[in-house]
Every structure is written in C-alpha cells, then in structure tokens.
Number of protein chains: 2
Amino acid sequence: MIPTDKKEALLAYMEEKGFHATRQRDIILKEFFRKHRHLTIEEWLAEVRKSDPKIGYATVYRTLKLLSECGIAFKREFGGQVRYEHATDHHHDHLICMRCGKIVEFENKQIEILQEKVCKKYQFKLTTHKMELYGICRRCTPSKK
Amino acid sequence: MIPTDKKEALLAYMEEKGFHATRQRDIILKEFFRKHRHLTIEEWLAEVRKSDPKIGYATVYRTLKLLSECGIAFKREFGGQVRYEHATDHHHDHLICMRCGKIVEFENKQIEILQEKVCKKYQFKLTTHKMELYGICRRCTPSKK
DNA sequence: TTGAAAATGAATATGATTATCAATTTCTAA
DNA sequence: TTAGAAATTGATAATCATATTCATTTTCAA
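Bear in mind the structure is a predicted one, so any value in this text is a computation, not a measurement.

Criteria and thresholds
Residues numbered from 1 in each chain as written. Chains lettered and ligands numbered in written order. Predicted model: local features only at pLDDT ≥ 70, side-chain atom pairs only at ≥ 80, totals over all residues. Heavy atoms only, no water. Axes fitted to C-alpha atoms, helices over the stretch in contact; angles between N-to-C directions. Helix = DSSP H or I, 4+ residues; strand = E, 2+ residues; numbered from the N terminus. Parallel < 35°, antiparallel > 145°, perpendicular 65-115°, else oblique. Left-handed = near helix turned anticlockwise from the far one by under 90°. Contact = heavy atoms within 4.5 Å. Nonpolar A, V, L, I, M, F, W, Y, C, P; charged D, E, K, R; others polar. Near = heavy atom within 4 Å. Polar contact = N/O pair within 3.5 Å; in protein donor to acceptor, adjacent residues only side chain to side chain. Buried area = accessible area lost by both parts, 1.4 Å probe. Salt bridge = Lys/Arg side-chain N within 4 Å of Asp/Glu carboxyl O. Pairing = 2+ DSSP bridges.

S.K.: Hey, could you run me through the packing of helix H5 (residues 109–121) of chain A against helix H5 (residues 109–121) of chain B in this one?
M.R.: The packing of two helices is summarised by the inter-axis angle and the distance between the axes. Running from N to C, H5(A) and H5(B) cross one another at 160°; their axes reach a closest spacing of 10 Å. With respect to H5(B), the axis of H5(A) lies roughly antiparallel. Between H5(A) and H5(B) the crossing geometry is left-handed. On H5(B), the residues that touch A:Gln110, A:Ile111, A:Leu114, A:Gln115 and A:Val118 of H5(A) are B:Gln110, B:Ile111, B:Leu114, B:Gln115 and B:Val118. Of the residues belonging to the contact of H5(A) with H5(B), the class tally is six nonpolar, four polar and no charged.

Laid out in structure tokens, this is it:
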C-alpha cells in the first residue's frame, strides 16, 4: 500500500532530523497513500480520522508539512486553498473543473519551452512556474441532445 | 490623470447601484491611476494615506473591490498575496522576480492555443487560466565578470 | 528501565480579509 | 435650502485558514 521507497525516504529523513516514529504519523502516511487525490488539509483530516478520530488538526498540518519536506508530498495552492498531493518525479500542472472540483494533472513540454522563451525575452532566469486551467469537465457539461 | 472612460464607467456603475460619490473614493481612484503597479492592499493603503492619512483599511478594501466590480481593476493573487492591478482589455499573465518582486505582464498567444489543446484532450471546456512564471530578473542576476 | 528529547492535541495566536455598527456624509425631493 | 432616508466611513470585532504554545504523553537510546 505504502511504496517502499517512500517509506524509506521518510524514515531516513526522520533519522537525520532525530524525529520519532509515532502511531499518528503512520496513520497519516497510510491514509495519504490510500487516496490518489489533491485534498485540502481539512479533507485529509477527515480521512485520517476514519482511522483514528482523536488525531488533532495540528498533527495533520505538521505531518503533511513533514511529508512535503522529505519529498513524498507536494504542497499546492488552488484558489486560495492549500492542498497536498502525491509527489511525482515529473513536473505537472493542473486542470480544474469549476463545477465539481475534479482535478486532472497534465504535462506539456511545448508550453514549458514557450515559457522559457518568454523569460528569455524579458531577461529573466526561470526558476519555477504555476499554471492552472479552469474549466468545465465533460461530466459537468450539459449534453446537447 | 484619471482616464475619462474609466471615470465614466465608475460613475455609471455607482449610478446603477445607487452608490454615493465620496471624497475617499475619489482619492483612492486617483491614487490607483497614479501608480502603474500590481500593489497589495497594504501597499495601496500606504499610497492612499499619503493623500489622506485618515482613510481606513476597510474603505480601501471596499473601494478596490468596487473598482474590480466595474471593470477598472483586476484582482490577482500571487503567492498568497492579493493584488490589484489596472484592468486591460487583453488577457495577460505575469512574470515575477523572486528576489526584488518586480512584476512584468506578458501575453503569449501560442501558449494559450496549447492550453486549449490540453483542455480538448481532457474534454474540458476552458473558462479561464492562471499562469505565473517565477524567476530572477536581469538586475538581480549576478553578472559573470 | 529511565530520562532526555520529541510529539501530541487542545487551546491560543496570528495574519489577511470581511462584517458590524454608531456616527457621519451624501443625495433626493419637497 | 433643508430634512430625512440611504449609503459610507472607520474603528473594532468576527471570521477563516494556518501556525504556535505548552502541559502532558510518548518515543527511544543508553
């Protein structure tokens, strides 16, 4: 369920920092990998509490931060809401349905090449970017019958 | 100083809504057009208070919201900070220097065409998008001498 | 097993934004 | 011009998401 390499990365990071393994962190890690989604902290908290209703708000905050520090999670911000998603080794952006909230990850090398071009034009050295496409997904589009 | 058409747009909007003209709104509008920048509310407040130190926080919030409602300003969000910029008739995105905070507006039709393509691929109907390129501007790049 | 260090979770603090409300200002209509 | 209804202001309080504090509990190395 939990990818071995991710688990090891976390343990190595905790070892290095002198952090302790705890029941709560185990639960949160397990729940994090059970869902392949881009959930808000509120939503992750709800998931985690299905396993242990006593887990606190702050612990979820702290543990998601920990997961992003050791490269297991990415912290994202869509429309003012912080979300944590599974880290990937390739860069990707997001397509968001404004009606149902569905989020699709996509990659487009051509766009990234053009972004580099824009930066060159303005003499900027590109470090990172943020791109979100907002629209209406197929399921939310009224059919034309 | 204040573009006539913008001033008229605001007056028409206020007329329609039954809003009153006030000294504070005049000052804020004037200051808004004095600066061609993407300032935060905090920063606009500071500008406005140079003309009238008694103007309150809430008034600036409300008036910038008013300006965006009638199409004079655009509300933006960079890195968790809300900013208000001059409205333009063409869509544009932003290039942001991570060191000095310099913001450059740019337009790139090719990227927008590719964004449409991505949406088509995932069967989304594109409504709007958000793209920010973060980097280091020329002035902030150490020269290689 | 023990004690130092870290983690938890409840509560509180913070920072940005929004709402409340009494006092003031604007504007319409007589 | 003026009265009064409606809107605005600005100080303050409320809200919301996130971060911090701290006493208690847990972990882990010796």
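S.K.: Teacher, can you tell me more about the protein's contact with DNA strand D here?
M.R.: Looking at DNA strand D, there are 19 residues lining it, with A:Tyr61, B:Thr22, B:Arg25, B:Thr59 and B:Arg62 nearest. Considering DNA strand D, the proportion of its atoms within 4 Å of the protein that are sugar or phosphate atoms stands at 75%. The separation between a phosphate oxygen of DNA strand D and a polar main-chain atom of B:Lys54 is 3.5 Å. Elements that contribute at least two residues to the surface near DNA strand D include exactly helix H4 (57–69) of chain A together with helix H2 (23–34) and helix H4 (57–69) of chain B. Among the elements that line the surface near DNA strand D, the one with the most residues is H4(A), at four residues. Grouping the amino acids of the surface near DNA strand D by side-chain chemistry returns eight nonpolar, seven polar and four charged.

S.K.: What am I meant to see in the interface of chain A and chain B here?
M.R.: When the parts of a complex come together, some accessible area is lost, and that lost area is often used as the size of the interface. The interface is formed by 34 residues belonging to chain A together with 34 residues belonging to chain B. Both sides of the chain A and chain B interface together cover about 3000 Å² of buried area, and 69% of this is carbon and sulfur. Considering only the surface of chain A that becomes buried against chain B, A:Leu114, A:Phe124 and A:Lys130 emerge as the three largest contributors, covering 20% of it. The tally of links between chain A and chain B comes to zero salt bridges. Contributing elements (two or more residues each) for the side of chain A that touches chain B: strand S4 (93–97), strand S5 (103–106), H5 and strand S6 (125–136) of chain A. Sort the elements by how many residues they give to the side of chain A that touches chain B and S6(A) lands first, with 12 residues. Note that S6(A) and strand S6 (residues 125–136) of chain B share 11 bridges and pair antiparallel. Pairing of A:Glu132 across the sheet is with B:Lys130, part of S6(B).

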